[in-house]
Amino acid sequence: QQPVQSPQAVILREGEDAVINCSSSKALYSVHWYRQKHGEAPVFLMILLKGGEQKGHEKISASFNEKKQQSSLYLTASQLSYSGTYFCGTAYGGSQGNLIFGKGTKLSVKP
Amino acid sequence: SQTIHQWPATLVQPVGSPLSLECTVEGTSNPNLYWYRQAAGRGLQLLFYSVGIGQISSEVPQNLSASRPQDRQFILSSKKLLLSDSGFYLCAWSVRTAMNTEAFFGQGTRLTVV
């Protein structure tokens, strides 16, 4: 049931763009995106609830294709502060209970 | 405002010893509560979640157990720790409404079993 993220890791130069993908073999009710800095707790970025929905947070945006059971996170003009591990998560059971995350994508932004 | 407290921050325990990690949430009622473990290469692994007092669902078989004795208290326990129990344990909560809402994480407990 765990969503699958790709790539596992990506290295960028400051100012470059990146895309992180999240897919599921099971129907997705919603998709959550979080970022975790090393040794810290994950921090919420955004949640997408509807098929085809897109959201943005500063220069980070995401899309959710409910039919394809996929979500993508877009990081534009990356900054050093974007470094960390990005997780997508989904509550297959809707609002009641399990929130399951993928294995994460480690993003390193170099100066 | 809502806050989540998780303790201890770090813990070193010998193999075979018991474990008790506690998590409490303030400023909200009737939250969903979660325990996750983070080990190298495995991401955020959901261990237990709870939608109410005494209601615990387990996602993976293991020698860990969870309890929710009060609405805003979630406890992770083990009677005998294994080396493989080492990892970063995170407690989280979310609002239980009809629509999905974000999860808020505690600062985590780094457990080393020796």
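By convention here, each chain's residues receive numbers from 1 onward along its written sequence. Whichever chain is written first is A, and whichever ligand is written first is 1; the rest continue in order. Where totals are concerned, whole chains, interfaces and linings use all residues; where local detail is concerned, this predicted model gives features only for residues with pLDDT of at least 70, and gives and counts side-chain atom pairs only at 80 or more. Here the side-chain values reflect all heavy atoms present in the structure, with hydrogen atoms and water set aside.

Asks: Tell me what's going on with the overall build of chain A, and back it up with residues and numbers.
Replies: Helix numbers and strand numbers start at the N terminus; a helix is a DSSP run of H or I with at least 4 residues, a strand a run of E with at least 2. Scanning chain A from terminus to terminus reveals 0 helices and 11 strands. Counting from the amino terminus, chain A carries its helices and strands in the arrangement β-β-β-β-β-β-β-β-β-β-β. For every residue, the accessible area obtained with a 1.4 Å probe (protein chains only) is divided by the maximum for its type, and the residue is called buried under 20%, exposed over 50%, and partly exposed between those limits. For chain A, with 111 residues in total, the buried portion stands at 50%. Here a residue-residue contact requires only that any non-hydrogen atoms of the pair lie within 4.5 Å. Sequence separation of at least 24 residues holds for 56% of the intrachain contacts in chain A that already meet a minimum separation of 6. Total accessible area on chain A is roughly 5,400 Å²; 48% of this is exposed by carbon and sulfur atoms. To be clear on the numbers: accessible area is Shrake-Rupley with a 1.4 Å probe, and residue cover counts the displayed protein chains and nothing else.

Asks: If you had to explain the sheet that holds strand E3 (residues 19–26) of chain B to someone new, which residues and values would you point to?
Replies: All names here are of chain B. Pairing in this open sheet of 4 strands is antiparallel, and the strands run E1-E3-E8-E7 from one edge to the other. Looking at which strands have only one partner, the edges of the open sheet turn out to be strand E1 (3–7) and strand E7 (64–70). Averaged over all adjacent pairs, the angle separating strand axes in this sheet is 15°, with direction ignored. When DSSP finds two or more bridges between two strands, those strands count as paired. In this structure, E7 lies alongside strand E8 (residues 73–78), joined through 5 bridges in antiparallel fashion. When the bridges of E8 are listed, Ser67 appears paired with Ile75. Where helices are involved, their axes are fitted lines through C-alpha atoms of the stretch in contact, as for all axes, and angles between N-to-C directions lie from 0 to 180°.

Asks: Account for the interface of chain A and chain B, with residues named and values stated.
Replies: Facing 25 residues of chain A, the contacting portion of chain B comprises 26 residues. Two parts placed together each lose some accessible area under a 1.4 Å probe, and the buried area is that loss summed for both. Between chain A and chain B the total buried area reaches about 2,000 Å² when both faces are included, carbon and sulfur atoms providing 55% of it. The rule for a salt bridge is simple: a side-chain nitrogen of Lys or Arg has to be within 4 Å of a carboxyl oxygen of Asp or Glu. At the boundary of chain A with chain B, the tally comes to 0 salt bridges. For this analysis, a polar contact is any N or O atom pair within 3.5 Å, provided that within protein one partner can donate a hydrogen and the other can accept it, and provided that sequence-adjacent residues contribute only side-chain to side-chain pairs. The interface formed by chain A and chain B contains 3 residue pairs in polar contact (both at pLDDT 80 or more).

Asks: Hey, could you go over the pattern of salt bridges for me, with residue numbers and the actual values?
Replies: Residue and element names in this part refer to chain B. If you walk through the whole model with that rule in mind, you get 2 salt bridges over all chains. Where Arg37 meets Asp85, a salt bridge forms, and the shortest distance between an N and an O atom there is 3.6 Å. Here Arg37, found in strand E4 (residues 32–38), pairs with Asp85, found in the loop between E8 and strand E9 (87–94); they are 48 residues apart in sequence, far enough to count as distant. Taking the relative accessible area as the measure of exposure, Arg37 reaches 10% and is therefore buried. Asp71 serves as the salt-bridge partner of Arg68, at 3.2 Å between the closest nitrogen and oxygen.

Asks: Would you mind going over the state of the cysteines in detail, with residue names and values included?
Replies: Residue and element names in this part refer to chain A. Only a pair of cysteine sulfur atoms within 2.5 Å qualifies as a disulfide here. Counting across every chain of the model gives 2 disulfides over all chains. Across the disulfide from Cys22 sits Cys88; the S-S distance is 2.0 Å. The disulfide joining Cys22 to Cys88 has a torsion of about 70° about its S-S bond and is therefore right-handed. Of this pair, Cys22 sits in strand E3 (residues 18–23) while Cys88 sits in strand E9 (residues 84–90), placing them 66 residues apart in sequence. Note on Cys22: relative accessible area 4%, which makes it buried.

Function cannot be inferred from these measures alone, as they are strictly geometric.
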